[in-house]
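# Remarks on the overall topology
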Amino acid sequence: MELELSMRHRVVRKAARGFAQEVLAPWAEWIDREARFPEEILESMKPLGYFGLQIPARWEGAGLDTLASAIVVEELSKACPAVGLMVSVHNSVAVNPIWRFGTPQQRDRYLPCMARGDRIGAFCLTEPNAGSDTAAVQTRAELQGEHFIISGNKIFVTNGGEAGIALVIARTQLTSDQKEWSLLIVETDREGCLRGHQEDLVGMRGNPVCPLVFQECRVPRENLLGEPGRGLRIALEALDGGRVGIAAQALGIAQAALEASIQYAMERIQFERPIGHLQAIQAKVADMAVQVEAARLLTYKAARACDAGNGATQAAAMAKLFASATAVRAALEAVQIFGGYGYTRAYPVERYLRDAKATEIYEGTSEIQRLVISRKLLFGRKKRP
Amino acid sequence: MRILVCIKQVPVMAVPCLVQGRWTLQREGLEGQISEHDLQALEAALRLREARDGEVIVLTMGPPHAEEALREALARGADRALLLSDPAFAGADTLATSTTLAQAIRRLESPDLILCGARTSDSGTGQVGPQLAEDLGIPHVAYVEEVLLEGNSILVRRTVDRFRETIRLRRLPTVLTFLRIPNPPRQVPLHRIHEAFDVKPLERWGLRKLGLSPDQVGAAGSATRVIGFREPPAQRKARVLRDDPDRAVEEILQALDSRLLLNVQGGIHDRAHNPPES
Ligand SMILES: Cc1cc2nc3c(=O)[nH]c(=O)nc-3n(C[C@H](O)[C@H](O)[C@H](O)COP(=O)(O)OP(=O)(O)OC[C@H]3O[C@@H](n4cnc5c(N)ncnc54)[C@H](O)[C@@H]3O)c2cc1C
């Protein structure tokens, strides 16, 4: 396996790092405090290609591969994880499934406006009674003539407050009367699609995560994405790419925690020397660096597996599990290295900790990742819990 | 209008390190980036091209991996790129560098403007641009901040010895070296990276193609050799202002401004991109 980044990937990293550090980073604290994105940040990202990372130029995308996308999300998240989350979810579980599973008409209709960032994407799986247990989804989409009528409650919708397009998983009865689920493309300005209040999150506060409620929302039949009755399968497949994105987010946060720790360790003087001269601090920095590097290799490997196209479920689950744990640990250690100051809002490390924790929860909790990984090892196949 | 921009890939360094036993920077294994002022020259070129149609060509002399700097410049909007790379070019001082660049420029369709950074962030002599102009026998203006096109002549603005100068150049081509420009360099659009690698042309020229002899380039063609480095003694001049706070703030601002540490016209960075004061 190639372990070094290609020149093309390095240029992508430079581009994303430049934007993240010069434009985004100065806003990160404000975004966290105000729990919203400034309009000008979104506007400045639109012409730079952040909303069409992987789709081909034909639909106004940047045509990057999954590895390049992961690098972009890593760099954005290092500066502002809430924006990293928005870009990751929009691209990996909204735009990409339409590109991969959409009809030519669906691609032409949705991809260009999403790639331009004129319509932000969201992914609606979770419900009040369906979290890890995805098969417990209650939302229904009933076919009446040429329309689906969608009814149900979706919660924790990342990008929900900004989203123009939502992919919604709902129970259908298209191929059988048995349990089946389909994926529908829903424009959020349709009648019967209502947004709830933004969640008051612990971290990732800038992202407008909110419930989306569907009250007999009528959607044309041609908005069905992929084969009827295969929605859950498509969603879980999209989650492979999604999890690489979450791993990349976690990686960015972990890297930020490491860099902040290194800087502080050489600035803070105790016992007449920078605390970086204390062996205890050196050990923390060394352990953090090793874990961050290991997380990076796992994440990039999973991204490459997505690009190779022959099954990335295992690699993506491993990357997400390890990178998210690394982010939490690195942020926790960073707070410790900063001492009392780390426990205040005057420094960014407490934010890293709050932001990092989310990566162990969404797009499958760490427990679920372990389940995915062990099932494959023990039973040789993906089996749902 | 054909604009040529000379750029250099410099190492990203937190702390500069020297190669053991040699008076040269450790560059091996370090990530590269376009030198800060070269990036400003490129931005100025792209803005000129937007004001008046034309072509922006980026040129660098460097090892093969300097291609990365050219690809980035292409993604930023340059139209084509030329990489001067040959083992014989290694170890060049500013004279050998400008000799090599000048020869390449003679072999290109003649440009109207040649833009350089005023100095590189890894050696900072500020010599290459002016030497290039001398070699080509054309005028130059160093430390330019702004360029305006006016019919067939160009106006350049710069600040020298705390005076703002405006110079009109009636004869092209000319070499301009940039110190800082009013606009920050643009961000790289992700969807232009594919073009930068797969569509826009990048040529590689070696010693033979340039038609120079080995003793004109690289270490052999260099007039100088670094024989030592020493850190200058740091001087601190502290001043304590004990007046009333408003007057003190005024004085601090003036002191910073007179040392060109403030940009009174709205900041080097675009205000719109900074978070509102809370
Ligand atoms: C900030 C944020 C953004 C989100 N964005 C989205 C989004 O855009 N779209 C979307 O659909 N959802 C989203 N979610 C929801 C997220 O995916 C779910 O919260 C997550 O999958 C867990 O579901 P739950 O909260 O219902 O927890 P539960 O499933 O109730 O889990 C509770 C606990 O039990 C454990 N557990 C559950 N089942 C098992 C099992 N079989 N084996 C072992 N342990 C188990 C879990 O790991 C967890 O520790 C988001 C959540 C957050 C916090």
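Residues numbered from 1 in each chain as written. Chains lettered and ligands numbered in written order. Predicted model: local features only at pLDDT ≥ 70, side-chain atom pairs only at ≥ 80, totals over all residues. Heavy atoms only, no water.

In terms of regular secondary structure, chain B is built from seven helices and 11 strands. Since a compact globule built from 278 residues should have a radius of gyration of about 19 Å, the 20 Å found for chain B is in line with a globular shape. Expressed as lengths along the three principal axes of its C-alpha atoms, the size of chain B is roughly 70 × 50 × 40 Å. A total of 278 residues make up chain B; the buried ones form 42% of that total. Considering only contacts within chain B whose residues lie at least 6 apart along the sequence, 70% involve residues at least 24 apart. Approximately 15,700 Å² of chain B is accessible, and the part contributed by carbon and sulfur atoms is 50%. (Helix = DSSP H or I, 4+ residues; strand = E, 2+ residues; numbered from the N terminus. Rg over C-alpha atoms; globule rule 2.2 N^0.38 Å. Buried < 20%, exposed > 50% of the residue type's maximum accessible area, 1.4 Å probe, protein only. Contact = heavy atoms within 4.5 Å. Areas by Shrake-Rupley, 256 points an atom, 1.4 Å probe, with all protein chains shown as cover.)

This brings us to the overall build of chain A. What chain A contains, in helices and strands, is 11 helices and 10 strands. For 385 residues, the compact-globule estimate of 2.2 N^0.38 gives 21 Å, and chain A sits close to it at 21 Å. Look at the contacts in chain A between residues 6 or more apart in sequence, and 72% of them connect residues 24 or more apart. Carbon and sulfur atoms make up 51% of the accessible area of chain A, which totals about 16,300 Å². Placing the 46 positive and 44 negative side-chain charges of chain A at their respective mean positions leaves the two points 5 Å apart. (Lys, Arg positive; Asp, Glu negative; His and termini not counted. Charge placed at Lys NZ, Arg CZ, Asp CG, Glu CD.)

This brings us to the interface of chain B and chain A. Facing the 23 residues of chain B at the interface are 28 residues of chain A. Taking both partners together, chain B and chain A bury about 2,300 Å²; carbon and sulfur atoms supply 62% of that area. The tally of links from chain B across to chain A stands at five salt bridges. Residues Glu68(B) and Arg10(A) are paired through a salt bridge, measuring 2.6 Å at the closest nitrogen-oxygen approach. (Buried area = accessible area lost by both parts, 1.4 Å probe. Salt bridge = Lys/Arg side-chain N within 4 Å of Asp/Glu carboxyl O.)

Further remarks concern the confidence of the model for chain B. Residue and element names in this part refer to chain B. In the predicted model, chain B carries a mean pLDDT of 88, and 91% of its residues have values of at least 70. In this model, residues 266-274 is a region of pLDDT below 50 whose contacts with residues beyond four sequence positions or in other chains number 14 contacts. Prediction confidence for the complex, expressed as pTM and ipTM, is 0.91 and 0.91 respectively. (pLDDT = per-residue confidence, 0-100.)

What follows deals with the domain arrangement of chain A. All names here are of chain A. By domain assignment, chain A separates into domain 1 (7-119), domain 2 (122-228) and domain 3 (232-379). Distance between the C-alpha centres of domain 2 and domain 3: 30 Å. If you look at the interface, domain 2 gives 15 residues, while domain 3 gives 13 residues. Counting the contacts that link domain 2 with domain 3 gives two residue pairs in polar contact (both at pLDDT 80 or more). (Domains from an automatic or database assignment. Polar contact = N/O pair within 3.5 Å; in protein donor to acceptor, adjacent residues only side chain to side chain.)

Attention now moves to helix 7 (residues 245-258) of chain B. With 14 residues, helix 7 of chain B should cover 20 Å at 1.5 Å per step; its first-to-last C-alpha distance of 20 Å lies within 8% of that length. One or two positions beyond helix 7 of chain B, positive phi appears at Leu260(B), with a value near 60°. (Expected span 1.5 Å × (residues − 1).)

Met45(A), Tyr50(A), Val5(B), Leu115(B) and Leu176(B) are the most contacted members of the largest nonpolar core, which totals 151 residues. For this core, the leading source of residues is helix 7 (residues 231-267) of chain A, giving 19 residues. Filtering out sequence-adjacent residues up to four positions away, Met45(A) remains in contact with Phe19(A), Tyr50(A), Phe51(A), Leu76(A), Val83(A), Met86(A) and Val87(A). With 24 residues, the next largest nonpolar core counts Ile57(B), Leu59(B), Ala104(B) and Ile138(B) among its residues. (Core = buried A, V, L, I, M, F, W, Y, C linked by side-chain atoms within 4.5 Å.)

For the rest of this paragraph, the subject is the packing of helix 1 (residues 7-24) of chain A against helix 4 (residues 66-79) of chain A. Residue and element names in this part refer to chain A. Between helix 1 and helix 4, the least distance of the axes is 9 Å, while the angle of their chain directions is 20°. It follows from the interaxial angle that helix 1 and helix 4 lie roughly parallel. Handedness of the crossing formed by helix 1 with helix 4: right-handed. Contacts between helix 1 and helix 4 involve His-9, Val-12, Arg-13, Ala-16, Arg-17, Phe-19, Ala-20, Gln-21 and Leu-24 from the former and Leu-67, Ala-68, Ile-71, Val-72, Glu-75, Leu-76, Lys-78 and Ala-79 from the latter. (Axes fitted to C-alpha atoms, helices over the stretch in contact; angles between N-to-C directions. Parallel < 35°, antiparallel > 145°, perpendicular 65-115°, else oblique. Left-handed = near helix turned anticlockwise from the far one by under 90°.)

Residue and element names in this part refer to chain A. Mapping Gln-106 onto the fold places it in helix 6 (residues 104-115). By relative accessible area, Gln-106 is classed as buried at 3%. Excluding residues within four positions of it along the chain, Gln-106 makes contact with Ile-98, Leu-111, Ile-185, Glu-222, Asn-223, Leu-224 and Leu-225.

Another point: unusual backbone geometry. Between Leu172(B) and the following residue, Pro173(B), the backbone shows a cis peptide bond with an omega angle of 0°. Tracing the backbone through its elements, the reader meets Pro173(B) in the loop between strand 9 (163-169) and strand 10 (174-178). Unusually for a residue other than glycine, Phe271(A) sits at a positive phi of about 55°. Position of Phe271(A) among the secondary structure elements: in the loop between strand 9 (269-270) and strand 10 (273-274).

Let us look at the site of the ligand. Residues and elements named next belong to chain A. Around the ligand, the structure places 18 residues, and the nearest of them are Thr-126, Ser-132, Phe-156, Thr-158 and Thr-365. Between Ser-132 and the ligand, the recorded distance is 2.6 Å, taken from a side-chain N or O atom to an oxygen atom. Here Thr-158 contributes a side-chain N or O atom positioned 2.7 Å from a nitrogen atom of the ligand. The protein chains hide 66% of the 960 Å² of surface that the ligand would expose on its own. Cavity membership is defined here by more than half of the atoms lying within 2 Å of grid points; on that basis the ligand lies in the second largest pocket. Breaking the shell around the ligand down by element, the ones donating at least two residues are strand 1 (120-124), strand 3 (147-157) and helix 11 (366-379). Considering every element that reaches the shell around the ligand, the biggest residue donor is helix 11, with three residues. Tallied by class, residues from the shell around the ligand come to 11 nonpolar, five polar and two charged. (Near = heavy atom within 4 Å. 1 Å grid on protein atoms, 1.4 Å probe; cavity = no way out; pocket = protein on both sides within 12 Å on 5 of 7 lines; lining within 4 Å. Sits in = over half its atoms within 2 Å of the grid points. Nonpolar A, V, L, I, M, F, W, Y, C, P; charged D, E, K, R; others polar.)

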